[in-house]
Amino acid sequence: MFDKILIANRGEIACRIMETARKKGIKTVAVYSKVDAGARHVRLADEAYEIGPAEAKESYLKAQVIIDVAKKSGAEAIHPGYGFLSENEQFASACEDADIRFIGPTASAIRLMGLKDQAKSAMEKAGVAVVPGYDGAKQQVAFLLEKANEIGYPLLIKAVAGGGGKGMRLVEESSDFVQALASAKREAKSAFGNDQVLLEKYIRKARHIEVQVFADMVGNAVYLHERDCSLQRRHQKIVEEAPAPDLSDDMRYELGETATRAAKAIKYRGAGTIEFIVDVENGLKDAPFYFMEMNTRLQVEHPVTELITGIDLVEWQLRVAAGERLPLTQDDIKLNGHAFEVRLYAEDPVSGFLPQIGRLNHFSYPDPDINFRLDTGIEEGDEVSIHYDPMIAKLIVWGASRGEALRHMRRVIKNTAIAGVKTNLEFLFNIFNHQSFNVADIDTGFIDKYGDELTDRLRQVSVPVLVLASLCELMPHTEGYDVWDWSDGWQLNMNLSMNLTFTENGHKHDIKVTYLKEGFKIEVRDQSYHVTLLKQKGDDFSILIDGKKVSGKVIRKHEDFTVFCDGKVSYLHHFIPGADNDNVGSKSGRVITPMPGKISKLFVESGENVEEGQALLMLEAMKMEHTIKAPCSGVVELLSLEQDMQVSDGQLLLNIAECEANG
Ligand code: MV4
């Protein structure tokens, strides 16, 4: 076994790998970019070296610089984590050339699986079913159209070098094919420098089920059962679970054996994932499944496999890389209980899931135990920056059954609080409360089908939330601050009232609080409530609203309140007349950049009439494209915007005049 390894990554996965290394008595070397100098992965490592500026291209992707650090520090092997250099065949071979073990597959396996057409034909040769279609080298438009018509519609055009849905187009009928092909090729060319495509029959109702495989260097291969990753948004996984719900033992066996056969056929080594698409048009029982792609790395969602098998996948990776045999045979690999993982992102589901940046001025969650694990690279006080993936943490739960695991996830999400950046936490909570998800009625269309329902509910601020924010506002928030001695008219034994205004998402909420001898009278939305404070400890409040107990947490930063109550997160701003901009109260027509980026497309012109929700422009930021929509109906006043322009965070992009009040 190695004495020292280098981890060529950052964030939660770097930390995760270091935990296993520590457990095995292996010393760890971290590398970091300038902005990560104080990051958790640097603090956890035994040694750490700066490798360049924030941009990944200049730091975490600098293969030779990282290999030099490994040499200098005496690391015998490099773990690439996921992303960055993990599926870069040149890096894998450069490591071996420098006599450093790459903790992952061989460069040739990475290359073979990196191109979808080659991967598909290698799998066909191994007797693995692949999605019917065309994956040949001939790429003439007329020829591809002929093939497309043979395959039939709907069909998918996929970039052979693709991944993450880039260069993928759904074609519903023959007349759309040529145009879709051109646009897929354009996107593939710019993203991968390779515009070759393949064609596949589109499976309308599908489950994405992937099998974790492991192989050693002496020809043994096993499967560690499957994960269901059907819940994706724009090909980003959101929720993963293991095992796949309702999968029969026969089909589990068949998927596992097929995946193992595939791994053996390509002489794979280490951890890998075979992705299958399962056609569930006629249900899951005996459903046909097809090879889709193979991921030649440890995946983000590996913890759910760890929780149902009790196997530490990073430990297995280290052992295989060090030349050991697989620790278990297939018969010894058990499947116990059920696990879920959710990816907690700094993003705003209400505004098209735009990534958010900022400081986490609060981050709390339940104590980890056998039912709950949290993997993160960020701690309270750390920054989510524009430079890297906006994932804050992975919440992972285990239960003896799917039902028990669902309950644990609801409990965990309810008791997790983040302030400073908006997150998808409540969106995740809504998924775990969704009837169809609870009965495992899931397929790859789930998020599209229920997306509005899952985000719409985020928009309504409830009365308990407003009451909690009001109480927090009225509580003394600095020590020695005497609630009975305020200069604005509060006096003991007087039924005095105070008006408060909170705003959220351009909506205004007026609240009148009257001090009573016993508690408060709180008037909101023409209703009156009697409220008493049961307990307040730090940010945590326990109150009675008309006799009903409500608990919640309120994090205050200046006049901004993040309220957590019953699995709901609300972002309120205490509006002080005169101190804030005058737009509040009506829906603002001001469209402001949520983050720095580049205007990749502009859909509107000055003077154009737009409807609320209409797409105005595309912003390219954090490696993704985001649609910026009109916050209200009105006439566009473009403020010297043009395509490809760089914009900074908080910049006023355009204004929509005659914006109707809609508070
Ligand atoms: C498919 C498919 C249906 N038919 N291919 C490929 C990349 C991965 N991110 C999604 N992929 C899919 N490929 C064929 N021939 C369905 C998916 C798919 C999916 C599609 C739309 C929305 C969500 C999805 C979730 C998982 C898989």
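Above this text sits the structure in question.
What you see is a predicted model, and the numbers here were worked out from it, not measured in a lab.

About the thresholds
- Residues numbered from 1 in each chain as written.
- Predicted model: local features only at pLDDT ≥ 70, side-chain atom pairs only at ≥ 80, totals over all residues.
- Heavy atoms only, no water.
- Buried < 20%, exposed > 50% of the residue type's maximum accessible area, 1.4 Å probe, protein only.
- Helix = DSSP H or I, 4+ residues; strand = E, 2+ residues; numbered from the N terminus.
- Pairing = 2+ DSSP bridges.
- Contact = heavy atoms within 4.5 Å.
- Polar contact = N/O pair within 3.5 Å; in protein donor to acceptor, adjacent residues only side chain to side chain.
- Patch = residues over 30% accessible without salt bridge, like charges linked within 9 Å, V, L, I, M, F, W, Y side chains within 5 Å.
- Areas by Shrake-Rupley, 256 points an atom, 1.4 Å probe, with all protein chains shown as cover.
- Salt bridge = Lys/Arg side-chain N within 4 Å of Asp/Glu carboxyl O.
- Lys, Arg positive; Asp, Glu negative; His and termini not counted.
- Charge placed at Lys NZ, Arg CZ, Asp CG, Glu CD.
- Axes fitted to C-alpha atoms, helices over the stretch in contact; angles between N-to-C directions.
- Parallel < 35°, antiparallel > 145°, perpendicular 65-115°, else oblique.
- Left-handed = near helix turned anticlockwise from the far one by under 90°.
- Nonpolar A, V, L, I, M, F, W, Y, C, P; charged D, E, K, R; others polar.

Undergrad: Describe the pairing of strand β13 (residues 270-279), listing the residues and the values that go with them.
TA: Here β13 lies mainly inside the structure; 10 of its 10 residues are buried. Judged from the six bridges that link them, β13 and strand β14 (residues 289-295) form a sheet pairing that is antiparallel. Bridged to I274 within β14 is M294.

Undergrad: Please set out unusual backbone geometry residue by residue, giving values where relevant.
TA: Residue P154 follows Y153 across a cis peptide bond; omega there is 0 degrees. A cis geometry characterises the amide bond from A242 onward to P243, with omega recorded as -5 degrees. Looking at the element boundaries, P243 is found in the loop between β12 (236-242) and α9 (249-265). Of note in the backbone geometry, D644 takes a positive phi value of approximately 70 degrees without being a glycine. Its location among the elements puts D644 in the loop between β37 (634-638) and β38 (646-647). By relative accessible area, which is 49% here, D644 ends up partly exposed.

Undergrad: Let's hear about the environment of D279: which residues, and what values?
TA: Within the element layout of this structure, D279 appears in strand β13. With 93 residues separating them along the chain, D279 and R186 place their C-alpha atoms 29 Å apart. Discounting residues that sit within four places of it in the chain, D279 has contacts with K201, I203, K205, A287, P288 and Y290. Engagement of the side chain of D279 in a polar contact is seen with the backbone nitrogen of E281, the distance being 3.1 Å.

Undergrad: Which residues make up a negative patch on the surface, and what are the values?
TA: On the surface, E620, E625, E642 and D644 cluster together to form a negatively charged patch. With a relative accessible area of 52%, E642 lands in the exposed category.

Undergrad: Pulling in residues and values, what's your account of the packing of helix α7 (residues 141-151) against helix α8 (residues 177-192)?
TA: Relative orientation of the contacting elements α7 and α8 amounts to 120 degrees, with a least axis distance of 10 Å. Between α7 and α8, the angle is such that the two are oblique. Crossing of α7 against α8: the hand is right-handed. Two secondary-structure elements touch here, α7 through V141, L144, L145 and A148 and α8 through F177, V178, L181 and K185. In terms of residue class, the contact of α7 with α8 is built from seven nonpolar, no polar and one charged.

None of this, on its own, says anything about what the molecule does.
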